[in-house]
Amino acid sequence: FTGHDDDVRSIGQHPDGYTFATGQDGARPSVCVWTSRREAKDPVDLPCAQLARVADTEGYMRSFVALAFDVTGDVLVSMGADNKHTATLWAWRNKRDQAPLARVPTIQGVVPAVWGVTVNPYAHVSAKHGPRDGSPDPSKSGEFLTFGDKHLKVWRKDKTSGIWGGKLASFSDTKAFGVNSAVYLPVKGEGKSPRVLAGTSDGRLAIFDLGANKLVKLIRAHEDLGRAPSMRQPAVANTKGIRALLLLEEDNVVVTGGADGRVITWALTEDGDDVVGKVNEIALRSPAGPEAPPPMIRSLALAAEPEPNAGDASSTPSDGTKSGTGVTAKVGEAEAEGAQNSPRTRTGPVKFYVGTDGCDLWEVTATSVRILIAGSGSALNDVAWNPTVPQVCATIGEDGWVKLWNVEKRSQFAVRDLGAGVSSTKSSGGGKSLHFSPDGALLTAGLGDGRVVVMDARTLARVAEAQAGGGGGVPNKSVGGDRGPAGRLASVKFSPDSTLLACAGADRRVHLFANVDGRFTPTATCSGHSTTVVALDWTGDSRVLRSVCANHEMLHWSAPSGKPFKGDVRDFNWHTHNSPVGFPVMGVWEEGKAGARHINSVDRSSGRGYVVTGDDAGDVRLLNYPCVAKGARCARFRGHSSHVSAVRFSADDAWVASAGSVDKSLLVWRVTGTEGTLNGPIA
């Protein structure tokens, strides 16, 4: 679906299973309702169709942080990020009148105090007009929950006045806790009060009786891990406790996902009003190895799939451990001690999809636990292609993680955590730059704390490490010393013959290291720039190095001496062109609404026929090379929600990779045809 024009913040699923609502940020934020259903004849790249769009006409919501449909699917409840955390009810199918059915201020507090909303599936909320024959009006009924920082609040519609009123649930004698997720339990039997099962910020399950409007039971479920937003740190992503809670009513079980990386299935009593015990447990393992902390689970979804073929590659087990009964066709059969009855079972195997804080999408079945789509848990700062294996690229992010990708298989196959450095939230920390050696054997990374790390290009095992920015070079071992912001390495580049490695960044210097049998020894330091060095290029014979700083000063250096090169460079054969300035790329700059658009990254194709750029507007542009005319024609491609931090051609010019900073995404575009067209993104 491509209907949004700002960051997408929330998603809600319609009862039909294929219609979705997604909410976005903005000066006047909106919610799009769209369908994923397609006909067999539809092309693969056909966007999903938008069914409706509702917007905040007052302009004070800032964003829609949570969405939920009622059981009929006719009413959509949205949670705003305004100071009053207003819940808005929409009759989204009514295209003639897009005015909301109701606006309900839920709680006055520092944003975000409300983290989610859940509609009671057993209390009908209708968008239709009331009957005229005196019969009960279904539009004057309904119930939903809002929950978040140390509260759970029940909202009911008065059957006489039609006005919504809220009541805070009591925590009884227990200290108030954050509520991250909530579902209505399928309570059966006459006279029984409705109950809600909530996932808490400290990893427990809490049962609230809505008749008495109080907490009645706490169950230890997951470890108390993760972080949550607070008044002092409202922008912190909520990864704490039980963020994911899923009710499988026909199986009489609930499934929880916690910050400890575990997916646990719990059996309910026959009446559906209490949790009996644990049925099954699956623990996700970090792809970085057993010593790394587990992935923190933020969301859960379920699908019933046909039986896989015996030879299906997707049934291959991966990183994860399982205990208890299998999550299979009989996922609801409780073997936990104290289970009273065997609940109903689901036909066909069950498949869980798990979203984590690292932006990975996991697939969990009875026989496998694997990462289906790998993502990035932080801003991506650079991307590089392996020159000898054209379908392999590497990325580095603000969290210091280096990842290798096979774009043909659309899969991640190796990761290495180099550490976030001083701070993963400031420019002084995290990974900043990447480059493969021309022989494809080595991969080097420049970090925000001034370290340069050389790794094996296949396994990401460390070969050497040195301190380049902000301190003296000390090869082949981790060192201390000055690792402040002045050491940030914004660019690293091997010479074409792989004998030299250049590193440069915020200390305004270019550091040269000699590669002697895998040992990297400092040979020279080049000084002369007035601000951060952002780009490096070597000549084809490895004798001259070009450096460009953020002020667009271009300097040239002799190698390996590091002395300024004062000769004519006009006819030099440059091995790469990553400089944003220079005669061959003077036409890539274009005017924006507030002056010239800032170009973050430039790369020339290996065939020297094209140049690709990434800018602050989120555009990836393809132009002819050399590009010397002002306002040169270009092909423009959109996919990123914010500025593009890096763009690179693959060695065979078959692909272009673009790394998004704020949107944390790697987009891979296929280059097709003699006209140099980018198709995609395909991954």
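For the structure itself, consult the block above.
Residues numbered from 1 in each chain as written. Predicted model: local features only at pLDDT ≥ 70, side-chain atom pairs only at ≥ 80, totals over all residues. Heavy atoms only, no water.

Asker: Can you tell me about the overall build of the protein, naming the residues and giving the values?
Answerer: Tallying secondary structure elements over the protein gives zero helices and 50 strands in all. In the protein, which comprises 683 residues, the proportion classed as buried is 51%. The contacts in the protein between residues at least 6 apart in sequence include a share of 49% that link residues at least 24 apart. Per element, the accessible surface of the protein, about 30,200 Å² overall, is 49% carbon and sulfur. (Helix = DSSP H or I, 4+ residues; strand = E, 2+ residues; numbered from the N terminus. Buried < 20%, exposed > 50% of the residue type's maximum accessible area, 1.4 Å probe, protein only. Contact = heavy atoms within 4.5 Å. Areas by Shrake-Rupley, 256 points an atom, 1.4 Å probe, with all protein chains shown as cover.)

Asker: Before we move on, could you go through the layout of surface pockets and cite the residues and values that matter?
Answerer: By volume, the second largest pocket is sized at about 1,200 Å³. Lining the second largest pocket we find 50 residues, and of these Asp382, Asn578, Ser601, Ala646 and Arg648 sit closest to its centre. Secondary structure elements with two or more residues in the lining of the second largest pocket: strand 26 (380–385), strand 30 (431–436), strand 34 (489–494), strand 38 (533–538), strand 43 (599–604) and strand 47 (644–649). A total of six residues in the lining of the second largest pocket trace back to one element, the largest contributor, which is strand 43. Here the lining of the second largest pocket is composed, by residue class, of 20 nonpolar, 21 polar and nine charged. (1 Å grid on protein atoms, 1.4 Å probe; cavity = no way out; pocket = protein on both sides within 12 Å on 5 of 7 lines; lining within 4 Å. Points joined across faces, edges and corners; volume = space filled by probe spheres on them. Nonpolar A, V, L, I, M, F, W, Y, C, P; charged D, E, K, R; others polar.)

Asker: Quick one: what's the story with the side chain of Glu590, residue by residue and with numbers?
Answerer: Its place among the elements puts Glu590 in the loop between strand 40 (554–558) and strand 41 (591–592). Among the polar contacts listed, one links the side chain of Glu590 to the side chain of Arg636, at a separation of 2.9 Å. (Polar contact = N/O pair within 3.5 Å; in protein donor to acceptor, adjacent residues only side chain to side chain.)

Asker: Can you tell me about the pattern of salt bridges, naming the residues and giving the values?
Answerer: For the structure on display, the rule yields 24 salt bridges. A salt bridge links Arg93 to Asp74; the nearest nitrogen and oxygen atoms lie 2.9 Å apart. In this pair, Arg93 is assigned in the loop between strand 7 (86–90) and strand 8 (102–105) and Asp74 in the loop between strand 5 (64–69) and strand 6 (76–80), connecting sequence segments 19 residues apart. Residue classification places Arg93 among the partly exposed positions, given a relative accessible area of 46%. With relative accessibility at 22%, the residue Asp74 sits in the partly exposed group. Here Glu363 ties to Lys351 by a salt bridge, and the two come within 3.4 Å at their closest N and O atoms. Here Lys351 lies in strand 23 (residues 350–356) and Glu363 lies in strand 24 (residues 361–364), a separation of 12 residues in the sequence. Of the two residues, Glu363 and Lys351, neither departs from the other in class, the shared state being buried. By sharing partners, the salt bridges in this structure join Glu590, Asp619, Arg621, Arg636 and Arg638 into a single network. (Salt bridge = Lys/Arg side-chain N within 4 Å of Asp/Glu carboxyl O.)

Asker: So what's going on with empty space enclosed by the protein? Residues and values would help.
Answerer: Counted under the stated rule, the structure contains one cavity of 30 Å³ or more. Size it by volume and the largest cavity reaches roughly 40 Å³. Broken down by secondary-structure element, the contributors of at least two residues to the lining of the largest cavity are strand 32 (451–456) and strand 33 (462–467). If you tally residues by element for the lining of the largest cavity, the top one is strand 33, at three residues. Across the lining of the largest cavity, the residue classes break down as seven nonpolar, no polar and one charged.

Asker: Requested: an account of the sheet that holds strand 5, with residues and values cited.
Answerer: Reading across the sheet, the four strands line up as 5-6-7-8 and stay open at both edges, with antiparallel pairing between neighbours. Across the chains shown, the open sheet's two edge strands, defined by having one partner strand only, are strand 5 and strand 8. Neighbour-to-neighbour, the strand axes of the sheet open up by a mean angle of 20°, direction not taken into account. As paired strands, strand 6 and strand 7 are joined by four bridges and run antiparallel to one another. What sits directly across from Leu76, in strand 7, is Trp90. (Pairing = 2+ DSSP bridges. Axes fitted to C-alpha atoms, helices over the stretch in contact; angles between N-to-C directions.)

Asker: Outline the environment of Trp574, supporting the account with residue identities and numerical values.
Answerer: Residue placement: Trp574 occurs in the loop between strand 40 and strand 41. The spatial distance from the C-alpha of Trp574 to the C-alpha of Pro496 is 10.0 Å, given a sequence separation of 78 residues. Discounting chain neighbours no more than four positions away, the residues touching Trp574 are Asp537, Trp538, Thr539, Val544, Leu545, Arg546, His556, Val569, Arg604 and Arg608.

Asker: I'd like a rundown of the environment of Val662, residues and numbers included.
Answerer: Position of Val662 among the secondary structure elements: in the loop between strand 48 (655–660) and strand 49 (666–672). For the pair formed by Val662 and Ser645, sequence separation is 17 residues and the distance between their alpha carbons is 9.0 Å. Beyond its immediate chain neighbours, meaning those up to four positions away, Val662 contacts Ser642 and His643.

Asker: Which residues make up the sheet that holds strand 1 (residues 8–13), and what values do they have?
Answerer: Ordered in space as 1-2-3-4, the four strands form an open sheet in which the pairing is antiparallel. At either end of the open sheet lies a strand with only one pairing partner, and these are strand 1 and strand 4 (49–55). Strand after strand, the sheet turns through a mean of 20° between neighbouring axes, direction not considered. Of the strand pairs in this sheet, strand 1 and strand 2 (residues 19–24) are connected by five bridges, and their pairing is antiparallel. Looking across to strand 2, one finds that Gln13 is bridged to Phe20.

This is a description of form; function is not addressed.
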